[in-house]
Amino acid sequence: MPDRPRDQWDRRVAGGLAFLRRRLSGEYEVDEFGFDPDLTDAVFHPLLRLLYRDWFRTEVSGVEHVPVDGPALVVGNHSGTVALDALILSAALHDKHPARRYLRLLGADLVFRMPVVSEIARKTGGTVACNPDAERLLGGGDLVGVFPEGFKGIGKLYADRYKLQRFGRGGFVSAALRTGTPIVPVAIVGGEEIYPMLADIKPLARLLKLPYFPVTPTFPLLGPLGMVPLPSKWLIEFCPPIPTAHLTDSADDPLVVFNLADQVRETIQQTLHTLLERRPDPFGP
């Protein structure tokens, strides 16, 4: 029998009180990277759930390709002017995966130099995008999420939407090879439309020491209201994993690293094309 509204509210109140009791008594754990699963589950994921489920109407497929246990490197395309795609991917994967696994995101140095953003990133499981941290997480059996396009991906113009940018030097491949970790490519459609970037004011970006300063249909024209993302329709598809255990001796071979990075990039690009055909209307149901 379905729960009555009063029963649902009773559970929410009880859960909220239990959360406050744990926080006040210190009965929660934080790992060496600063990850706080209790705070993530009680505060951050519920907020992101409203976005990915209700605002973006996100459909997730291929989650069976993400291992039930053990490490995997989840590699996705980056877009959207503001990197909401990483947060949405993390929350959606946790909710849809049968083992409710956490995705430990790797972020740029800039993220961890911003006071409030840095704290949130650490609390939700993020760390700096560097090979030592990635290898430690993978060696501990975690799911690690990386977006190799970096700022080139989220800072590209709307005219270049869904065209993957260069994957850097393939450092993420080296981390996977050294730990024998499978690579799971993931394609995300929907992020490009939330803040369509029409122009980049480079002098202002340099003045503010930012990688870009975006001009969108709503920002800076509408001020703070311009930060409300447009309600695009999102599709997320996890692709079959690419094994690396047989290539652990080739972690320092530039040719092997390049070829594997190119295979991952091409897999994501082709999957994006397929998803875009499934979603002809960016703002459809």
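Residues numbered from 1 in each chain as written. Predicted model: local features only at pLDDT ≥ 70, side-chain atom pairs only at ≥ 80, totals over all residues. Heavy atoms only, no water.

## Looking at the packing of helix α2 (residues 37-55) against helix α3 (residues 84-96)
1) Next: Two elements in contact, α2 and α3, have axes whose closest approach is 9 Å; the angle formed by their N-to-C orientations is 100°. Taken together, the axes of α2 and α3 are roughly perpendicular relative to one another. Along the contact surface, α2 presents D41, H45, L48, R49, L51 and Y52, while α3 presents L87, I88, S90, A91, A92, H94, D95 and K96.
2) Next: Classifying every residue of the contact of α2 with α3 by side-chain character gives seven nonpolar, three polar and four charged. (Axes fitted to C-alpha atoms, helices over the stretch in contact; angles between N-to-C directions. Helix = DSSP H or I, 4+ residues; strand = E, 2+ residues; numbered from the N terminus. Parallel < 35°, antiparallel > 145°, perpendicular 65-115°, else oblique. Contact = heavy atoms within 4.5 Å. Nonpolar A, V, L, I, M, F, W, Y, C, P; charged D, E, K, R; others polar.)

## Description of the packing of helix α5 (residues 131-139) against helix α7 (residues 171-179)
1) Next: Between α5 and α7, the least distance of the axes is 9 Å, while the angle of their chain directions is 40°. For α5 against α7, the interelement crossing comes out right-handed. Residue-level contacts link N131, A134, E135, L138 and G139 of α5 to G171, S174, A175, A176, R178 and T179 of α7.
2) Next: Taken together, the residues that form the contact of α5 with α7 break down as four nonpolar, five polar and two charged. (Left-handed = near helix turned anticlockwise from the far one by under 90°.)

## Some thoughts on the nonpolar core
1) Next: Ranked by internal contacts, the top residues of the largest apolar core, which has 31 residues, are L73, V75, F172, I183, V264 and I268.
2) Next: Counting residues per element, this core draws most heavily on helix α9 (residues 254-278), which supplies eight residues.
3) Next: Counting 26 residues, the second largest nonpolar core, distinct from the first, contains A72, I88, L93 and F238. (Core = buried A, V, L, I, M, F, W, Y, C linked by side-chain atoms within 4.5 Å. Buried < 20%, exposed > 50% of the residue type's maximum accessible area, 1.4 Å probe, protein only.)

## Examining α5
1) Next: Taken together, the buried positions of α5 are occupied by D133, A134, L137 and L138. Axial view of α5: buried residues confined to an arc of 130°, hence all on one face. Set apart from the buried face of α5 by more than 90 degrees, the exposed residues are P132 and G139.
2) Next: Against the buried residues of α5 lie β2 (72-76), β3 (103-107), β4 (127-128), β5 (143-146) and α7.
3) Next: Of the residues trailing α5, G141 is marked for its positive phi of about 90°. (Arc of directions from axis to C-beta.)

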